[in-house]
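Survey of secondary and tertiary structure
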Amino acid sequence: MNQSQVLASSPQSAVALPVLDLTGLVHGRAASDPSLRADILGALRAVLVEGREHAQAALESGGSGLATAHALSAVQDAIIDALFAFTTTFAYRVVNPTTSERLAVAAVGGYGRGQLAPGSDVDLLFLLPYKPTPWSESVVEFMLYMLWDLGLKVGHATRSVAECVRLSRGDVTIRTALLEARFLCGDTALYEQFRQEFWADVAREPALDFVEAKLAERRARHRRAGESRYVVEPNIKEGKGGLRDLHTLYWIAKALYRIDDPVELVRLGVLTRAEHKLFAKAEGFLWTVRCHLHFLTGRAEERLSFDVQPEMAERLGYTKRAGASDVERFMKHYFLVAKDVGDLTRIFCAVLEEQHKKRRPPLGRLIPFLGRWRRHSTAFRTEGSRLTISGDNAFRDDPVNLIRLFRIAQENDLDIHPHALQVATRSLKLIDRQVQQDPEANRLFLEILTARQSPETALRRMNEAGVLGRFVPDFGHVVAQMQFNMYHHYTVDEHLIRAVGVLWRIESGALEAEHRLATQLMRKPTSRAALYLAVFLHDIAKGRKGDHSELGTGIAQRLGPRLGLTPEETETCAWLVRQHLLMSDVAQKRDIGDPKTVQDFAAVVRSPERLRLLYVLTNADIRAVGPGVFNGWKAQLLEALYHETEAVLSGGHGVVARAERVAAAKQALRERLADWPTAEVAHMVERHYDAYWLSLDADAHERHARLMRDADAAAAPLTVRGRNDPARDATEITLYLGDHPGLFARITGALAVSAANILEAKIFTTVDGMALDTFLVQDRTGKPFETQERIDRLAANVEKTLSGTLRPQEILAERQRGRPRRERAFRVEPRVVIDNDASNTHTVIEVNGADRPGLLSDLARGLLRANLSIGSAQIATYGETAVDVFYVKDLFGLKITQANKLKLIERHLLDALGPAQADKDKVDGADKDKAERDRKEKPKPHSPAAA
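Residues numbered from 1 in each chain as written. Predicted model: local features only at pLDDT ≥ 70, side-chain atom pairs only at ≥ 80, totals over all residues. Heavy atoms only, no water.

Focus on the overall build of the chain
Along the chain, the regular secondary structure elements total 43 helices and 15 strands. Residues counted as buried form 57% of the 947 residues belonging to the chain. Expressed as a percentage of contacts within the chain between residues at least 6 apart in sequence, the contacts between residues at least 24 apart total 73%. (Helix = DSSP H or I, 4+ residues; strand = E, 2+ residues; numbered from the N terminus. Buried < 20%, exposed > 50% of the residue type's maximum accessible area, 1.4 Å probe, protein only. Contact = heavy atoms within 4.5 Å.)

Topic: the nonpolar core
L304, F445, F475, F536 and L537 are the most contacted members of the largest nonpolar core, which has 155 residues in total. At 14 residues, the largest contribution of residues to this core is made by helix α14 (residues 326–355). Apart from the residues within four sequence positions on either side, F475 is in contact with N463, L468, G469, D493, L496, I497, F536 and I540. Within the second largest apolar cluster, 44 residues are counted, among which are V720, I791, V798 and L868. (Core = buried A, V, L, I, M, F, W, Y, C linked by side-chain atoms within 4.5 Å.)

Comments concerning the sheet that holds strand β7 (residues 415–416)
Taking strand neighbours across the sheet as the criterion, the three strands line up as β5-β6-β7 in an open arrangement whose pairing is mixed. Of all strands in the sheet, those bounded by a partner on one side alone are β5 (380–383) and β7. (Pairing = 2+ DSSP bridges.)

Considering the packing of helix α26 (residues 528–537) against helix α28 (residues 567–578)
Running from N to C, α26 and α28 point in directions that differ by 35°, and their axes come no closer than 8 Å. Remark: the crossing between α26 and α28 carries right-handed chirality. On α28, the residues that touch A529, A530, L531, L533, A534 and L537 of α26 are E569, T572, C573, L576 and V577. Tallied by class, the residues present in the contact of α26 with α28 amount to nine nonpolar, one polar and one charged. (Axes fitted to C-alpha atoms, helices over the stretch in contact; angles between N-to-C directions. Left-handed = near helix turned anticlockwise from the far one by under 90°. Nonpolar A, V, L, I, M, F, W, Y, C, P; charged D, E, K, R; others polar.)

Focus: the packing of helix α17 (residues 401–411) against helix α20 (residues 439–450)
For the pair α17 and α20, the least separation of the axes is 9 Å and the interaxial angle reads 35°. Our pair here, α17 against α20, has a crossing hand that is left-handed. Touching I403, R404, F406, R407 and Q410 of α17 are E440, A441, L444, F445, E447 and I448, all from α20. Classifying every residue of the contact of α17 with α20 by side-chain character gives six nonpolar, one polar and four charged.

Section: the sheet that holds strand β4 (residues 182–186)
One open sheet holds the four strands; their spatial order is β3-β2-β1-β4, and the pairing between them is mixed. The open sheet terminates on both sides in strands that have one partner only, identified here as β3 (154–160) and β4. Neighbour-to-neighbour, the strand axes of this sheet turn through a mean angle of 25°, independent of strand direction. Judged from the four bridges that link them, strand β1 (residues 104–107) and strand β2 (residues 122–128) form a sheet pairing that is antiparallel. Counted as the bridge partner of V105 is F126 from β2. Across the face of the sheet, helix α6 (residues 161–170) comes into contact with β2 and β3 while running at roughly 110° to β3.

Thoughts on the environment of A711
With respect to the secondary-structure elements, A711 resides in helix α36 (residues 698–714). Residue classification places A711 among the buried positions, given a relative accessible area of 5%.

Concerning the pattern of salt bridges
The full count for this structure, using the stated rule, is 59 salt bridges. A salt bridge links R29 to D39; the nearest nitrogen and oxygen atoms lie 2.8 Å apart. One end of the pair, R29, is in the loop between α1 (3–8) and α2 (34–60); the other, D39, is in helix α2, with ten residues separating them in the sequence. Among the ionic contacts, a cluster of salt bridges with common partners joins D398, R404, R407, E440, R443 and E447. (Salt bridge = Lys/Arg side-chain N within 4 Å of Asp/Glu carboxyl O.)

Describing helix α5 (residues 134–149)
Compared with the 22 Å implied by 1.5 Å per residue over 16 residues, the 22 Å span of α5 between its first and last C-alpha is a close match. Those residues of α5 that sit buried are W135, S136, V139, V140, F142, M143, L144, M146 and L147. Buried residues along α5 sit in contact with α2, α3 (65–91), β2 and β3. G151, located one to two residues past α5, shows a positive phi value of around 90°. (Expected span 1.5 Å × (residues − 1).)

Notes on the side chain of K339
Take K339: it is sitting in helix α14. Among the polar contacts made by the side chain of K339, one reaches the main-chain carbonyl oxygen of N463 at a distance of 3.5 Å. (Polar contact = N/O pair within 3.5 Å; in protein donor to acceptor, adjacent residues only side chain to side chain.)

Let's talk about the packing of aromatic side chains
Aromatic rings in a pair are described by how distant their centres are and how their planes are angled relative to each other. Tallied over the full model, the rule gives 17 aromatic pairs. Seen from their ring centres, Y191 and F194 are 5.8 Å apart, and the 50° between their planes marks the pair as tilted. Remark: F194 and Y191 occur in helix α8 (residues 188–204); sequence separation between them is three residues, near one turn of the helix. For the pair Y191 and F194, a shared accessibility class is recorded, and that class is buried. (Phe/Tyr/Trp six-rings, centres within 6.5 Å; stacked < 30°, edge-to-face > 60°.)

Describing the side chain of D600
With respect to the helices, strands and loops of the structure, D600 is situated in helix α30 (residues 595–605). Engagement of the side chain of D600 in a polar contact is seen with the side chain of K596, the distance being 2.8 Å.

Considerations on a nonpolar patch on the surface
A contiguous nonpolar surface patch, about 410 Å² in accessible area, is contributed by L891, F892 and L894. By the element assignment, L891 lies in the loop between β15 (881–889) and α42 (899–918). (Patch = residues over 30% accessible without salt bridge, like charges linked within 9 Å, V, L, I, M, F, W, Y side chains within 5 Å. Areas by Shrake-Rupley, 256 points an atom, 1.4 Å probe, with all protein chains shown as cover.)

Overview of the pairing of strand β9 (residues 730–738)
Of all nine residues in β9, eight are buried; the element is thus mostly enclosed. In textbook terms, the turn of a hairpin is the stretch between consecutive antiparallel strands, and for strand β8 (residues 718–725) and β9 this stretch comprises four residues, one of which, D729, has a positive phi near 55°.

Things to note about the confidence of the model for the chain
Model confidence for the chain is summarised by a mean pLDDT of 85, while 88% of its residues fall at 70 or above. Across residues 358–375 the pLDDT falls below 50, and counting only partners more than four positions away or on other chains, this stretch makes 20 contacts in the model. Low pLDDT (under 50) marks residues 916–947, which in the prediction has 102 contacts with non-local residues, meaning those over four places away or in another chain. (pLDDT = per-residue confidence, 0-100.)

Regarding unusual backbone geometry
Positive phi is not limited to glycine here, since R606 has a value of about 75°. Within the secondary structure, R606 sits in the loop between α30 and α31 (608–623). Phi at A755 is positive, roughly 60°, even though this residue is not glycine.

Let's talk about the environment of R723
On the secondary structure map, R723 appears in strand β8. Expressed as a C-alpha distance, the spacing of R723 and I791, which sit 68 residues apart in the sequence, is 7.6 Å. Filtering out sequence-adjacent residues up to four positions away, R723 remains in contact with R703, A730, T731 and E732.

Topic: the pairing of strand β14 (residues 869–878)
The side chains of a regular strand alternate, residue by residue, between the two faces of the sheet. Where burial is concerned, most of β14 is hidden: eight out of the ten residues are buried. Pairing geometry for β14 and β15, over nine bridges, is antiparallel. In the strand pairing of β15, A876 is matched with V883. Between β14 and β15, which pair antiparallel one after the other, the connecting turn spans two residues, and G879 there sits at a positive phi close to 65°.

Describing helix α38 (residues 788–803)
Look at α38: 22 Å from first C-alpha to last across 16 residues, which is about the 22 Å you get at 1.5 Å a residue. When we look at burial in α38, the residues that qualify are I791, L794, A795, N797, V798, T801 and L802. The buried residues of α38 all sit within an arc of 150° when viewed along its axis, so they share a single face. In this structure, α38 carries E789 and S803 as exposed residues pointing more than 90 degrees from its buried face. Just downstream of α38, G804 is the residue with a positive phi angle, here 95°. (Arc of directions from axis to C-beta.)

And the structure:
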């Protein structure tokens, strides 16, 4: 046996491999001898291990994934060939075989193509002439057990030739696997018989039935893996634009044209040479990524999850550049390849349809549309319910037709024929500067963007075809631009298109249940064009060096006039792009109950019209980030900020004197407690400081008054109440007990142990020394603790913690050690910003760090060590990043202004953040991501007016 010969053989051809002579290990031993079996396994394992090591070394030295897949397949071929020879010549030798004692072994599936990923199954077909015999059953069983003992994952089927043909007729999966069958060893005549009968049957069956079945299978697979190819943790095999899509093209081509190599599609006129080159390039890239991923994870992992993306980028040689980390550059390349695969699929399907016409629709479906296209342009016609071009010169004769195609389809709710999209993709060079500046092209594009019909569908079609990035070059820069964080679910271009779609659904009323106020505001006269363009542009400068909001403002100022916006509309659009983060920042990270917050925000907005537009844009932006990101809590915050600011801008109660607001709140409570004795009402009203009356509404004041009265009557040392708040999509936990230092830290620790995600905390102390604290929480899924049993369990954990029977720090420390690798992939730099301008009454401290269970409790202990009292806390989480904002005073009830005291506070909070950072995996290039998100999701260190 010569292992080196095996490893040096051609990776593309199993036939060229020399046979490993395992019978040389017999040395007079019987087949049943355990030592012989062990020696055979050892020899095979040595070949397998050495072969994988050679393949891995070649890959990690810069080799291609396809070469690796072929090499691994070749090693597997040699093992199976040697094992079959040993089994049939020694273990179960038949001297005079009958016609039924014949057996051929074939590779099927991906292994049949001679491509085997490091973690893939080895799919085998044991081919029989008739039904199984004792001999064939023994041979197959012996081989399978040996392969399993080698640690291989073997998919197998044992069938006769007739069974293969019969089963393939009724099962598309079986037919697909047999399409790729490749002879490995055994009876060559039997394999040739199978091949002839199978292909004869394929020729008899309607080819388009198989094509339609594979395309339907592809659509179902995309639905399972996520419809968009631009999800930030893509499945490189099953996802949209992944390897399986290329395989589908290959299977269809093989069934239709009986080809063995995609290059033959050029000769057949299905693909151009450039398109075949794109096919090969995409296949090579995806295989390289897949093989690296399998070796890196040690298993058949097909998902590019966050925890592997940094090392994959390093393995593949990507480096950091201005505006993009190495990870983001790698993932952008991946998404561009996925888009190329989509282009190839569309082109391929267009040619198939032309060469193998489907049943034409009844004439009645054609007639209603014929005249309409003549009114638009003679360049277009319909086939059924699909729009197509009248001739292949439609775009060359008038390049504006590249935009007009999508507008006509949108306006008349038509699909676009694959052939038209194919020609459009091949004609992208026609969109030059002249077309970009063409008034008619720009008018059509603005109509697409602001249409009453779905703009999202039209924009996505334009993006898929490559037209959108050519017509708006700044958009082309963000195509496939990935943001390496756990907050954003999609690439930048996909996020922008989805945001436009959300805006359209808000305006159409489809999202009124979740966006009631935004839907109402869109019914008022607003600058629709400016708003739609602002939503389309708000993140268009992501991935560049500098502040993407400021850079995006310049793009809006240039693009607005080009598209036909008036100077006023252009200025409004540019302002919205510049300030598109402001309302989200203020709502989620500032105390809206503090008058200074609203006044500063109103000073930036300045007009009710801009407030309406910014509110709607913010709703669309947050919802388009990903599923579940927008919820009732955020909706309530944004709506409250809107109403408070609207009142300030219109001269309403927002500017009423503080004393008058306090007096009004007290009087409202007196009226609600009319069933109480007058003296008792007076006592309750006088127990609270002004901040309490200004921070909560009348409903909360009444709930708290009745809770406090009941607790005092029962002399309860601790009262914990929970209630669900459907409007805010959260659970409210209220505590009433004697105030003492460290209370906030202990309560937040108890809530963390209960898997409660804290959204907001309001901390009040009465004049007689009682603590009245309210926490708004959600569970791990971002929902309220819906059952009373769960609320009671939450309250019980708080009581146990405050009594000392539950120790949250110990529990949370243990949980922290088991953090998922996915979370450890990110490095979030700790950051503390102290602001004495954001509030007239409190020092505002913003803390940024890696999110983890118990973080808020640790930060509260840091504030306790600095001898600070917390008035309120705003808690926000953006994927892996936590942004916690505290409104604090010193022990004398004053702001903290001394420089040495401020440095001490910062040190205590950084110490609280430190332990969570110590064991985080270092991710090169993550600093850029953090800085970018600082701008997108963090409030200004000074008042909003300073923005």
